[in-house]
Structures are given as structure tokens and as C-alpha cells.
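# Breakdown of the fold
Each chain, written out:
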Amino acid sequence: MSIRLLLADDHPVVRAGLRAVLDAEPDFEIAAEAATAERAVELAAAGGVDVVLMDLQFGAGMHGSEATAAIAARPGAPHVLVLTTYDTDADILAAVEAGASGYLLKDAPPEELAAAVRTAASGQSALAPAIAHRLMDRMRAPAEALSRRELEVLQLVRDGLSNQRISKELFLSQATVKSHLVHIYAKLGVDSRTAAVAAATARGLMRR
């Protein structure tokens, strides 16, 4: 039986390239395409799809991780394989925690992409080697790794939000925000908001 695929990416050229690569595989069928994350959720819910190839960034609309969570929450949902250019801890953790079955970078060779699709379709984890390595590093040194919440706080710091605005954005008390910042500074070995953002970006924890 064919593995039915949904291509979710806001760039037509990327979708066309994926179609060209995946159509060459005899056991793949491109069932649908989506230019927005919202449309991907709708098509996945409609059925007839085994694996969703999900980009993370869709302009001003829903984020790919949000769409992944919405798709994965439904009974009998298709598996989601994230296919993106981003390899930061923040993006990886968001996708994995949302329920993605795999995470692959767009520069992966065609044979690696095809293998990841088959692995995801079988219900197994399909992580690019570099992504698996990053997750293993986090597991080996959990005391030094920023948590998902700490990364969220730091991303808002990078966006210029005050502690008060961060607390409203994340539904946290200001004391909790301050506590997160203390832990972030300690883990990164810094003593200021600017230095924390610079250190996290340099280490590949957040996007530049």
C-alpha cells in the first residue's frame, strides 16, 4: 500500500521540489498540499493522509509546532514529520513536545528524506542524526540545558519584552519569570539579559 503524504509549506517552490523528489518513490502518494498551517490541520483531520511533512514557519499564521499539536491531538491522526531549516533547541523541543514523529532538516539528501517518511509512517521516531545528537547532549547534561519554559522566557527577552509583559504572555507571576531568568543566567554563565540572549544564540539554542 502507498504511504499517502500531505506537504505543508508556504513556499510553492519548496512544495514542488518535495513533490518531485517524493513522486520518484514507488510507495509514496502525494495526497494533498497546504500553503498554511491552518490548512494542513484541516486536511489532516479530513483523513486520507498517513504522514504530514510539516514546515515550522508559515509567515504570520499558525506556527508549525502548533499545527503539529493540533494534528497529533486527534485520534488516529497521521504522523507528522517536521521538515525545516531550523535546528535550534527551541524549535526541536517545541516540535517534539507537540507530538512530531520526526524532525529533519531541508538540506537532507533525498534518500534520507524517503527513509524518514517510511520510518515515521511505521510509527517510529525519525530524527536527523544532528537533531538526535542535540537531544542526546541535553539528556547527558540536563542540569546545564535550558528547559522549554526557560527558552520561551528567553525568546521573549530577545523580543524586548519586560518581565511584566513576559508574565502576561506566558501566564506566569513576575516572581516566576525572575526565577527563570536567574536559572537561565546560571546555566549560561552570564549576568545580564543581553548576554543571555547572545550566549543562547551562539550555542544554537535559539534562532538568530
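Here the structure is a predicted model, which is why all the values come from computation and not from measurement.

Basis of the calculations
- Residues numbered from 1 in each chain as written.
- Predicted model: local features only at pLDDT ≥ 70, side-chain atom pairs only at ≥ 80, totals over all residues.
- Heavy atoms only, no water.
- Helix = DSSP H or I, 4+ residues; strand = E, 2+ residues; numbered from the N terminus.
- Buried < 20%, exposed > 50% of the residue type's maximum accessible area, 1.4 Å probe, protein only.
- Salt bridge = Lys/Arg side-chain N within 4 Å of Asp/Glu carboxyl O.
- Pairing = 2+ DSSP bridges.
- Phe/Tyr/Trp six-rings, centres within 6.5 Å; stacked < 30°, edge-to-face > 60°.
- Lys NZ or Arg CZ within 6 Å of the ring centre and 35° of its normal.
- Axes fitted to C-alpha atoms, helices over the stretch in contact; angles between N-to-C directions.
- Parallel < 35°, antiparallel > 145°, perpendicular 65-115°, else oblique.
- Left-handed = near helix turned anticlockwise from the far one by under 90°.
- Contact = heavy atoms within 4.5 Å.
- Nonpolar A, V, L, I, M, F, W, Y, C, P; charged D, E, K, R; others polar.

This next bit is on the environment of L53. Topologically, L53 is positioned in strand 3 (residues 51-54). According to the relative accessible area criterion, L53 is buried, its value standing at 2%. Each C-alpha atom, one on L53 and one on H79, is 8.8 Å from the other, the two residues being 26 residues apart in sequence.

Before going further, it helps to examine the pattern of salt bridges. Applying the stated criterion across every chain yields a total of 16 salt bridges. Across the pair R118 and E25 runs a salt bridge, and its minimum N-O distance is 2.6 Å. Here the residue R118 occupies a position in helix 5 (residues 110-121), and E25 occupies one in the loop between helix 1 (12-22) and strand 2 (28-34), the gap between them amounting to 93 residues. Judged by its relative accessible area of 30%, R118 falls in the partly exposed class. R39 is paired through a salt bridge with E42; the nearest N and O atoms lie 3.0 Å apart. Here R39 and its partner E42 are both found in helix 2 (residues 37-46), three residues apart, which amounts to about one turn of the helix. Beyond isolated ion pairs, a larger network of salt bridges with shared partners links R15, R19, D23 and E33.

When you tally the buried positions in strand 1 (residues 3-8), you get five out of six residues, the bulk of the element. Taken together, the six bridges between strand 1 and strand 2 define a ladder with parallel strand orientation. Pairing of L6 across the sheet is with A32, part of strand 2. Sheet analysis places strand 1 next to strand 3, joined by four bridges and oriented parallel. Note that in strand 3 the partner of A8 across the bridge is M54.

Attention now goes to the packing of aromatic side chains. Per the counting criterion, the structure on display carries zero aromatic pairs. One cation-aromatic arrangement involves R207 over Y86; the distance from NZ or CZ to the ring centre is 3.4 Å.

Two elements in contact, helix 7 (residues 148-158) and helix 10 (residues 193-202), have axes whose closest approach is 10 Å; the angle formed by their N-to-C orientations is 115 degrees. With respect to helix 10, the axis of helix 7 lies roughly perpendicular. Here helix 7 runs over helix 10; the crossing is left-handed. Residues L154, V157 and R158 of helix 7 form the contact with helix 10, whose own contacting residues are R193, A196, V197 and A200. Tallied by class, the residues present in the contact of helix 7 with helix 10 amount to five nonpolar, no polar and two charged.

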